[in-house]
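What follows is each chain in one-letter form.
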Amino acid sequence: MNIPKKLLYTSEHEWIRVDGEKGHCGITDYAQHHLGDIVFVELPEVGEEVAVAESIGVIESVKAVATLFSPAGGKIIEVNEELEEAPELLNEDPYGNWIAIIELTDHSDLEKLMSAEAYAAFCENLE
Amino acid sequence: MSKLIFEKHVPDSNPFTLPPLAIPAVKPDSIPQQFLREQKIALPEVSEVEAVRHFTELSTRAYGVDSGFYPLGSCTMKYNPKINEWAARLPGLAGLHPYQAEDTIQGALQIYYEMQEMLAEITGMDGFSLQPAAGAHGEMVGVMTIKAYHHNRQDYQRTKMMVPDSAHGTNPATANMVGFDVIEVKSNHRGLVDLDDLRAKMNDQVAGLMLTNPNTLGLFEEEIQEIAAIVHEGGGLLYYDGANLNGIIGIARPGDMGFDVLHVNLHKTFGTPHGAGGPGSGPVGVKSKLLDFLPKPVVIKKDDAYGFDYDMPLSIGKVKNFYGNFGVMVKAYVYIKALGAEGIKEICEHAVLNANYLRHQLRDDYNIPLDRLCKHEFVANSKKQADQNGISTMDIAKRLIDYGYHPPTVYFPLIVSEAIMIEPTETESKERLDDFVQAMRSIAREAAEEPELVINAPHNAAIRRVDEVTAARKPVVKWEAP
Amino acid sequence: MKYNPNPPSVVKEMLHTIGLNSLDELFSDIKAEVKVPKGLNLPEGMGEMELRRRMKDLANRNVNTEDHPCFLGAGAYDHYIPAALEQLLLRSEFYTAYTPYQPEMSQGILQSIFEYQTMICKLTGMDVSNASMYDGGSALAEACNLACTSSKGRKKVIVSDTVHPEYLDILKAYSLSGSMEVVLVPGQEGSADIDAMIQTVDDQTACAVIQQPNFYGILEDAEALEKAVHENKGMFIMAVEPVSLALLKSPAEWGADIAVGEGQPLGNSLSLGGPYLGFFAARKALMRKIPGRIVGQTSDLDGKRAYVLTLQAREQHIRREKAGSNICSNEALCALAASMYLTFVGEKGLKDIASRCHRLALYAQQQLERAGMELKYKQPYFKEFAIKVDDPAAANRKLLENGIIGGYELNDALMLAFTEKRTKEEIDQLTTVLGGK
């Protein structure tokens, strides 16, 4: 299972890549694998203010559905509209295809997230 | 490839005509222009014989209980007696307008009233509403009455509903739809409600517990009285999901177990057909303390006449136009009348016997996680076949189609991985069950020796496995003219 | 009667196989205190001939619409049902099947639902239809619920009281969930008070609802309301009558986001109010949110066209407590009847039927007015109107004495409905009885 080093992870299997005030976020390889073929992604609205762990979207596969929780608080400044037409991109490359970009308001949210090593151990425990 | 009815369109081929009419033509402005339609409809035009052949052909690519064995767990696919169909189509029952005066529908109201009474006797409840149109609809009414009951006592803090982890998906969905937050109660190692977990979660914010008994593993909740006591002592009410009533009917009654409100599925337990997905009927029964909250109207008997009682100021209102699926009630009424008390007990005994017989005959070839006395159904899984050759439950289900059977319910309940839920019902003969056992054993053998045969099944069906992913990614949900 | 096929000797053999001696032992896991002690208190079972007699006797104690002209409407209509339809519905592959979960052995049923969905889209002009719901009233409640739950916190449902009173009762019950707050706006002269409804529309409005024709049979001019609710980013929901759609502007033409209605007039018998079907159609943007089952077209492994239940992630068996609705069984056989009906009458037939209903209603109005009677509301209508009478119950009794099933009783009027089954002679007789001083 692919868990890139430089990202931060949530226990709900989201990742975030922090770049100054911006955080790109998406779902992990573990999440896409367990969901199976993803058929639909409901994206948040640009401009929406979100709190940490608040629902910002829904990911549907044929036989399952998962809520996307925001890894950090802030404002949604961009969404990956490509996913509306091609949700399978999340299966093909879950880290290359971000879902939303958040303008972070409080970097302290990030302190509670897991490193790649911690997330790898977390997933191991779930199996 | 089977053509859609729209692809059989031949202009001017439809022969439908109205009788002549000797009255003046309509004034052109009798409906003002702004109300008139401009958009095309484009319904297909097909001759009568081609239309009849079209629908007949569709029926040949369908499979009903009359076609063969249908061991769909939790769905109680029993034989649907033909006299019931005949009765429901009598002009004196099918040709009644719901707003006719009560004195012109006394026979129908008697059926309605007697159904209320008979269902109350069968389930041990004090009163019934026959209004809900399906099981999930009945669940909704039941949970609404629970909410109305607490609210009427000025108890507004009970905002949560408990549901076991083995429950039908409708239970949590219903609780949510009525505005409750769902708390999941764990099952223990025996597949029954974990009493410690229940005790820990019951408090003054919990409105009640929704329970199926026998549960979705086909197991009877042996500690049901203790469960009821925990919920009642905590101020909650106990809801009975009647989906599995066939496993206890005539032997034990939910009302005697401590349940306060329940629904029954006439289309499962009471022999009415499922109609390829409805119409069903989901009457709701309650103990006396909930009677006032039932949907209105109920049918009452005054002197020798039957009538509707709308004088129910605490009623939750209505969940369906008119009085429910009367046509379905007629069929269930004939069914209960045909069987009588003894016959009803016997359906349960034979349903449970058939389930235990199948469980016994399949245990050598399939893993049965909780292999002990079951009620009307039991849950196996594909563990042996998966360990051997990576065969999944879906593969086994699809291979059964090649053998001419409708597959059991699969991947439910969620607490058993790769579940195969088998409910034979009482209307299967030993010969049928034995044939099914032979088919299941053959599939187990194929899974071991010729796994490709199973993995690529079905081979003999109208189509092979379908691409569900594309269906959901790029939905095509209606026909468009090319 | 009994329908369990195994005789006692076979039962004994089966018990022996599983190592038991009696049927009672199958219930050893149920404590004695919760067992039925002496058997249920129900009468003995009956044989088939006895049952036939009893059911005929019960049926004969009702006044039926087969033998008596019926002028009752108010949400359920006595339309003609083609003979071929009644026979085809008895194909037991249809009626004894379960929901088509296994596409490989249910293609016929899945295709029939796909055809139904297409026909409902054609009638309403909408983009997507589900496989049917319980009835018109509960479909409307589900539509309003969807408008609320998909609007991020908006709860206000603005409804005219000219909508069917039973639909309003249903809406009230469904709003017990707390997700909807119904604002009922009184109508005027039998029509919705559009201005008053518009004044109620605000940024908390999830939807506004109009029934077309309304409960009193009157046509509602909904254009301004549609604009107002859309300007406030709410939804416009219409409850429509399917036969009328052959003539009347479709919900799509009115700009509706969701169209629902009672499908009974399409080939389903009156049956004292059920089973009927509710149809539910919406704009494409709502496709992944609408309640109920949906069939989609796809292909099998060989590339052959096939149908399957799709978009199931919306539904209770997957989404559980997060599902938008708890519905699973719908009214599939009634929906099949509806698509058969539309096939057997065809487009021209449906238009002829709609025109005939309207023409008969106009004729009846004319005759009743000639007999000195008066419409309660002087507004355009389709197939149903209210005519003033002093004592509606007495008028109905008098009609019944003359073998006629009369109208729906309002305080000071009778609502009369006219389907294509009514004849000039029946209307003349109705006029004679009602108009006779």
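No experiment lies behind these values; they were computed from the predicted model shown.

1. Here we look at the overall build of chain C
Piece 1. Along the backbone of chain C there are 14 helices and twelve strands.
Piece 2. Nonlocal contacts in chain C, meaning residues at least 24 apart in sequence, comprise 69% of its contacts between residues at least 6 apart.

2. Focus on the overall build of chain B
Piece 1. Scanning chain B from N- to C-terminus turns up 15 helices and twelve strands.
Piece 2. The C-alpha atoms of chain B give 25 Å as radius of gyration, which agrees with the globular expectation for 482 residues (23 Å, within 12%).
Piece 3. Burial status across chain B gives 67% buried among its 482 residues.
Piece 4. Look at the contacts in chain B between residues 6 or more apart in sequence, and 69% of them connect residues 24 or more apart.
Piece 5. By element, 48% of the accessible surface of chain B is carried by carbon and sulfur atoms, the whole surface being about 15,500 Å².
Piece 6. Taking the average place of the 47 positive charges on the side chains of chain B and the average place of its 62 negative ones, the gap between the two points comes to 3 Å.

3. Digging into the pattern of salt bridges
Piece 1. The final tally for this structure, using the stated rule, is 54 salt bridges over all chains.
Piece 2. For Arg253 of chain B, the salt bridge identified is with Asp256 of chain B, shortest N-O distance 3.0 Å.
Piece 3. Residues Lys156 of chain C and Asp202 of chain C are paired through a salt bridge, measuring 2.9 Å at the closest nitrogen-oxygen approach. On the criterion of sequence distance, the pair formed by Lys156 of chain C in strand β2 (residues 156-160) and Asp202 of chain C in the loop between α8 (194-200) and β4 (205-212) is long-range, its members being 46 residues apart.
Piece 4. In this structure Lys156 of chain C comes out as buried when scored by relative accessible area, which is 16%.
Piece 5. Through salt bridges with shared partners, a single network forms among Asp78, Lys421, Arg422 and Glu426 of chain C.

4. What to know about the domain arrangement of chain B
Piece 1. Segmenting chain B into domains produces domain 1 (5-60), domain 2 (83-339) and domain 3 (342-468).
Piece 2. Of note, the centres of domain 1 of chain B and domain 2 of chain B, computed from C-alpha atoms alone, are 42 Å apart.

5. Some remarks on the side chain of Ser250 of chain C
Piece 1. Here Ser250 of chain C shows up in the loop between β5 (235-240) and α10 (251-254).
Piece 2. On the accessibility criterion, Ser250 of chain C (0% relative accessible area) is buried.
Piece 3. Here Gln39 of chain B takes part through its side chain, which lies 2.5 Å from a polar atom of the side chain of Ser250 of chain C.
Piece 4. In this structure Ser250 of chain C touches Arg37 and Gln39 of chain B together with Leu123, Thr124, Gly125 and Leu245 of chain C, once residues within four positions along its chain are discounted.

6. Points about the packing of helix α6 (residues 136-149) of chain C against helix α7 (residues 165-174) of chain C
Residue and element names in this part refer to chain C.
Piece 1. As a packed pair, α6 and α7 sit with axes 9 Å apart at the nearest point and diverge in direction by 45°. Viewed along their axes, α6 and α7 adopt a mutual orientation that is oblique. The two elements α6 and α7 cross, and the hand of that crossing is right-handed. Every residue of α7 that contacts α6 at Gly136, Gly137, Ser138, Leu140, Ala141, Glu142 and Cys144 is listed here: Tyr167, Ile170, Leu171 and Tyr174.

7. Concerning the interface of chain C and chain A
Piece 1. On the side of chain A, 13 residues touch chain C, which itself brings eight residues to the contact.
Piece 2. When the two sides are added together, the surface that chain C and chain A hide from each other amounts to roughly 790 Å², 52% of it contributed by carbon and sulfur.
Piece 3. Per-residue buried area on chain C facing chain A is highest for Arg288, Ile318 and Arg319 of chain C; these three make up 56% of the total on that side.
Piece 4. Across the chain C-chain A interface, the total number found is one salt bridge.
Piece 5. One salt bridge connects Glu48 of chain A with Lys152 of chain C, and the closest N-O pair in it is separated by 3.4 Å.

8. Examining the interface of chain C and chain B
Piece 1. Each side of the interface is counted separately: chain C has 191 residues, and chain B has 196 residues.
Piece 2. Here chain C packs against chain B, burying approximately 17,200 Å² in sum over the two surfaces, 63% of which is carbon and sulfur.
Piece 3. Ranking the residues of chain C by area buried against chain B places Glu104, Leu272 and Arg320 of chain C at the top, with a combined share of 6%.
Piece 4. Ionic pairing is found between Lys375 of chain B and Asp29 of chain C, a salt bridge with its closest N-O pair at 2.7 Å.

9. Here's the deal with the pairing of strand β7 (residues 65-69) of chain A
All names here are of chain A.
Piece 1. Pairing of strand β6 (residues 55-61) with β7 involves five bridges; the strand directions are antiparallel. Counted as the bridge partner of Ile59 is Ala66 from β7.
Piece 2. Hairpin connection, β6 to β7: the antiparallel pair is bridged by three residues.

10. Focus on helix α5 (residues 135-152) of chain B
All names here are of chain B.
Piece 1. Taking 1.5 Å of rise per residue, the 18 residues of α5 would be expected to cover 26 Å, and the 25 Å separating its terminal C-alpha atoms lies within 8% of that figure.
Piece 2. Of all 18 residues in α5, 16 are buried, a share of seventy percent or more.
Piece 3. Just downstream of α5 lies Gln154, where phi reads positive at about 60°.

11. Structural notes on the packing of aromatic side chains
Piece 1. For the structure on display, the rule yields 29 aromatic pairs over all chains.
Piece 2. Relative to Tyr3 of chain C, the ring of Tyr79 of chain B lies with its centre 6.0 Å away and its plane at 50°, an arrangement referred to as tilted. A residue pair is termed interchain when its members come from two chains, as with Tyr79 of chain B in the loop between α1 (48-60) and α2 (82-88) and Tyr3 of chain C in the segment before α1 (8-17).
Piece 3. The class for Tyr79 of chain B is partly exposed, based on a relative accessible area of 28%.

12. So, the sheet that holds strand β12 (residues 413-417) of chain C
Residues and elements named next belong to chain C.
Piece 1. Read from one edge of the open sheet, three strands run β10-β12-β11, paired in antiparallel fashion. Edge strands, defined here as strands with exactly one partner in the open sheet, are β10 (384-388) and β11 (408-409).
Piece 2. Judged from the five bridges that link them, β10 and β12 form a sheet pairing that is antiparallel. Residue Ala386 lies in a different strand from β12, and its bridge partner there is Met415.
Piece 3. Sitting on the sheet, helix α12 (residues 332-370) is in contact with β10 and β12, with an inclination near 10° to β10.

13. Observations concerning the nonpolar core
Piece 1. Phe270 of chain B together with Met55 of chain C are the most contacted members of the largest nonpolar core, which totals 135 residues.
Piece 2. Here this core gets 21 residues from one element, more than from any other, and that element is helix α10 (residues 326-362) of chain B.
Piece 3. Those residues within four positions of Phe270 of chain B in sequence are excluded, and the remaining contacts are Leu119, Ile122, Leu245, Ile249, Val264, Asn265, Ala332, Tyr335 and Ile336 of chain B.
Piece 4. The next biggest cluster of nonpolar side chains, apart from the first, holds 88 residues, and it includes Phe16 of chain B together with Tyr307, Leu350 and Ile353 of chain C.

14. Quick notes on the sheet that holds β5 of chain C
Residue and element names in this part refer to chain C.
Piece 1. The strand order β1-β7-β6-β5-β4-β2-β3 describes an open sheet built from seven strands, whose pairing is mixed. The open sheet has two edge strands with one neighbour each: β1 (128-129) and β3 (181-185).
Piece 2. As paired strands, β5 and strand β6 (residues 258-262) are joined by four bridges and run parallel to one another. In the sheet register, Met238 faces β6, and the bridge partner there is Ala259.
Piece 3. Packing of helix α5 (residues 107-124) onto the sheet brings it into contact with β1, β6 and β7 (278-282), and relative to β7 it is tilted by some 70°.

15. Observations regarding the environment of Val286 of chain B
Residues and elements named next belong to chain B.
Piece 1. In this fold, Val286 is placed in strand β7 (residues 284-286).
Piece 2. Given a relative accessible area of 0%, Val286 falls into the buried group.
Piece 3. Val286 sits 85 residues away from Lys201 along the chain, and the two C-alpha atoms are 24 Å apart.
Piece 4. In this structure, Val286 is in contact with Met125, Asp126, Gly127, Asp260, Val261, Leu291 and Leu294, ignoring residues within four places of it in sequence.

Calculation rules
Residues numbered from 1 in each chain as written. Chains lettered and ligands numbered in written order. Predicted model: local features only at pLDDT ≥ 70, side-chain atom pairs only at ≥ 80, totals over all residues. Heavy atoms only, no water. Helix = DSSP H or I, 4+ residues; strand = E, 2+ residues; numbered from the N terminus. Contact = heavy atoms within 4.5 Å. Rg over C-alpha atoms; globule rule 2.2 N^0.38 Å. Buried < 20%, exposed > 50% of the residue type's maximum accessible area, 1.4 Å probe, protein only. Areas by Shrake-Rupley, 256 points an atom, 1.4 Å probe, with all protein chains shown as cover. Lys, Arg positive; Asp, Glu negative; His and termini not counted. Charge placed at Lys NZ, Arg CZ, Asp CG, Glu CD. Salt bridge = Lys/Arg side-chain N within 4 Å of Asp/Glu carboxyl O. Domains from an automatic or database assignment. Polar contact = N/O pair within 3.5 Å; in protein donor to acceptor, adjacent residues only side chain to side chain. Axes fitted to C-alpha atoms, helices over the stretch in contact; angles between N-to-C directions. Parallel < 35°, antiparallel > 145°, perpendicular 65-115°, else oblique. Left-handed = near helix turned anticlockwise from the far one by under 90°. Buried area = accessible area lost by both parts, 1.4 Å probe. Pairing = 2+ DSSP bridges. Expected span 1.5 Å × (residues − 1). Phe/Tyr/Trp six-rings, centres within 6.5 Å; stacked < 30°, edge-to-face > 60°. Core = buried A, V, L, I, M, F, W, Y, C linked by side-chain atoms within 4.5 Å.

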